[in-house]
Amino acid sequence: MLTVMTNICAYASTIHVKLDGLTEENEILNVNFEDVLPISTDGISMVPVRTVCDDAGMDVMWQKSYNAVVVKLNAIKTSELPIEEYAYKVLKKKSDSIGRALNPECIIMTMYLNSDEAMLHYNYSDYQGDVVSYGKVFNLPKSVKMIENGTLAAPLRTLFNQFGLTIEWDGEKREILVKIPDEANYKED
């Protein structure tokens, strides 16, 4: 009886993450956290970075020498993935605002293990094919942590907001909805 009650309580407190229209038009994808579940500490949802970013159409790399996780979102004007088309619009809006004719390439976020400091870079190529990058350092509300089975967890809201995406929380369902906003947004330097 105790085991059943413990499992029911654990299930009831699980945070669910849904991705709305990031990977296919008009599709809502339920992120399947098979091995490690998201956790909430001090009101901040910490999610397994690789699981949620892979499902969203982003690339995740571990840089062992820096103890850093790097999340990359490609910017492609005509992509099968709406999130990549959105990234293109974000980068285009940013380059237009600074008055430079640049070709959007990708957005890269670097988060360091056990640090509340992270970096965001908007990467472009210029007319000669050289890389041009605009970046900034920002603070996370909670540092990236190594949790079960060597899984890295990061604050979900900050992770997706820095890419210009919208986050909605439904407290009753304990559900987080991540979606592309109607208008392209970028984080000011």
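In what follows, the structure referred to is the one given above.
Since the structure is predicted, the reported quantities are computational estimates derived from the model, not experimental observations.

Calculation notes
Once a new chain begins, its residue numbering starts again from 1 and follows that chain's sequence as written. With the structure being a predicted model, the display of local features is reserved for residues of pLDDT at least 70 and the display and counting of side-chain atom pairs for 80 or more, all residues being used for whole-chain, interface and lining totals. No hydrogens and no water enter the side-chain calculation; it runs on all heavy atoms of the structure. Buried Ala, Val, Leu, Ile, Met, Phe, Trp, Tyr and Cys residues that are joined via side-chain atoms within 4.5 Å together make up what is termed a nonpolar core. Buried, partly exposed and exposed residues are distinguished by accessible area as a fraction of the type maximum, computed with a 1.4 Å probe on protein chains only: under 20%, between the cut-offs, and over 50%, respectively. Strands here are runs of E lasting at least two residues and helices are runs of H or I lasting at least four, both read from the DSSP assignment and numbered beginning at the N terminus. Contact definition: two residues touch when any of their heavy atoms are within 4.5 Å. We count a salt bridge whenever a side-chain nitrogen from Lys or Arg sits within 4 Å of a carboxyl oxygen from Asp or Glu. A pair of strands is treated as paired once DSSP finds two or more bridges between them. Between N-to-C directions, angles cover 0 to 180 degrees, with each direction set by a line fitted to C-alpha atoms, over the stretch in contact for helices.

K.L.:
Outline the nonpolar core, listing residues and values.
P.N.:
Judged by nonpolar contacts, the single largest core of 49 residues is most densely connected at Val17, Val52, Met111, Phe160 and Val178. Per-element accounting of this core gives the leading share, six residues, to helix α3 (residues 82-97). Those residues within four positions of Val178 in sequence are excluded, and the remaining contacts are Val17, Lys18, Leu19, Asp20, Leu22, Leu156, Phe160, Leu165, Thr166 and Ile167.

K.L.:
If you had to explain the pattern of salt bridges to someone new, which residues and values would you point to?
P.N.:
All told, the structure shown has five salt bridges when counted by the stated rule. Salt-bridge contacts for Lys142 lead to Asp42; the nearest nitrogen and oxygen are separated by 2.6 Å. Taken together, the positions of Lys142 in the loop between β9 (131-139) and β10 (145-146) and Asp42 in the loop between β3 (39-41) and β4 (44-48) put the pair 100 residues apart, joining distant regions of the chain. Among the salt bridges present, the one from Asp96 reaches Lys92, with a minimum N-O distance of 3.3 Å. Pair noted here: Asp96 and Lys92 are both in helix α3, with a separation of four residues, about one helical turn.

K.L.:
Any chance you could break down the sheet that holds β3 for me, citing the residues and the numbers?
P.N.:
Ordered by their spatial adjacency, four strands build an open sheet running β3-β4-β11-β10, and the pairing between neighbours is antiparallel. Since the sheet does not close on itself, it has two edges, and those belong to β3 and β10, each with one partner. In this sheet, β4 lies alongside β3 in antiparallel orientation, the contact comprising three bridges. Across the sheet, Thr41 pairs through a bridge with Ile44, a residue of β4. Sheet contacts for helix α2 (residues 49-56): β4 and β11 (152-155); angle to β4, the most-contacted strand, approximately 80 degrees.

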